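Below are the chains, spelled out letter by letter.
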Amino acid sequence: MNEETMKPSSKHSEIILAGTGGQGLILSGMMLAEAAILERRNVVQTQSYGIASRGGVSLAEVIVDDEEIIFQQVRVPDCVLALTEETAKKYEIWAARGVPVLYDSTLAARRSGANFIGRDFTRIASDLGNAGSVNLLALAAVVALTRVVKIASLERLVRERFRGSALDLNLQLLALGSELAGA
């Protein structure tokens with residue numbers, strides 16, 4: 001991937017990451033925010049989750065901008081990631097408004113339409129031997145699709161946090177997720 005394709009496509013981006021507790025979406029939101037900080041951009045990251053941390057709805061919203069961020073809630077997302085049927089159904093209205101809705105077709109029913117992008121995130125992560133890493137795989141796809149930050153910034157974070165086989169797996173997930181964005 002050359003430097004030109006890694007540049008953010010606009011100065012203001014709003015991303016919604018939604019699924020269920022235990023899928024790692026809060027961590028993904030924090031990693032996306034940290035990647036933006038590495039790029040010296042302004043960022044707001046919020047999170048919410050149901051009363052049951054595992055199994056309840058989990059949501060992370062990230063806003064990235066080159067300028068000061070005044071309104072700190074997502075108003076019009078540039079992309080929605082939905083890792084469950086419940087969240088795909090909740091956010092599918094955005095597809096009708098022209099927003100890409102990237103969803104996990106392992107766990108959510110197939111959808112049709114120009115703005116629905118189904119990928120088998122959970123199956124692919126499971127095939128790699130770690131279903132719990134679905135969050136990083138899907139985050140890489142969101143980043144590659146939106147170019148909200150550079151994939152290289154996510155890779156830097158992964159290299160700082162992991163060692164050995166965990167590092168190798170997570171780098172493989174980043175590469176696979178990037179490929180899935182355009183598949």
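Scope of this entry: the structure provided in the associated data block. (Residues numbered from 1 in each chain as written. Predicted model: local features only at pLDDT ≥ 70, side-chain atom pairs only at ≥ 80, totals over all residues. Heavy atoms only, no water.)

**Notes on the packing of helix α2 (residues 25-38) against helix α7 (residues 151-161)**
Here comes step 1: As a packed pair, α2 and α7 sit with axes 9 Å apart at the nearest point and diverge in direction by 110°. As far as their axial angle goes, α7 and α2 are roughly perpendicular. Residues Met31, Glu34, Ala35 and Leu38 of α2 form the contact with α7, whose participating residues are Ser153, Leu154, Arg156, Leu157, Val158 and Arg161. (Axes fitted to C-alpha atoms, helices over the stretch in contact; angles between N-to-C directions. Helix = DSSP H or I, 4+ residues; strand = E, 2+ residues; numbered from the N terminus. Parallel < 35°, antiparallel > 145°, perpendicular 65-115°, else oblique. Contact = heavy atoms within 4.5 Å.)

**Considerations on helix α6 (residues 134-146)**
Here comes step 1: Its 13 residues place the ends of α6 18 Å apart at the C-alpha level, agreeing with the 18 Å of an ideal helix rising 1.5 Å per residue.
Here comes step 2: Of all the 13 residues making up α6, eleven are buried; the element is thus mostly covered by neighbouring parts of the structure.
Here comes step 3: Those residues of α6 that fall on the buried side of the exposure criterion are Val134, Asn135, Leu136, Leu137, Ala138, Leu139, Ala140, Ala141, Val142, Val143 and Thr146.
Here comes step 4: At the C-terminal side of α6, Arg147 shows a positive phi close to 55°. (Expected span 1.5 Å × (residues − 1). Buried < 20%, exposed > 50% of the residue type's maximum accessible area, 1.4 Å probe, protein only.)

**Here's the deal with the layout of surface pockets**
Here comes step 1: By volume, the largest pocket is sized at about 150 Å³.
Here comes step 2: Forming the walls of the largest pocket are Gly24, Leu27, Ser28, Met31, Asn130, Gly132, Ser133, Asn135, Leu136, Arg161, Phe162 and Asn170.
Here comes step 3: For the lining of the largest pocket, the leading source of residues is α2, giving three residues.
Here comes step 4: Of the residues belonging to the lining of the largest pocket, the class tally is four nonpolar, seven polar and one charged. (1 Å grid on protein atoms, 1.4 Å probe; cavity = no way out; pocket = protein on both sides within 12 Å on 5 of 7 lines; lining within 4 Å. Points joined across faces, edges and corners; volume = space filled by probe spheres on them. Nonpolar A, V, L, I, M, F, W, Y, C, P; charged D, E, K, R; others polar.)

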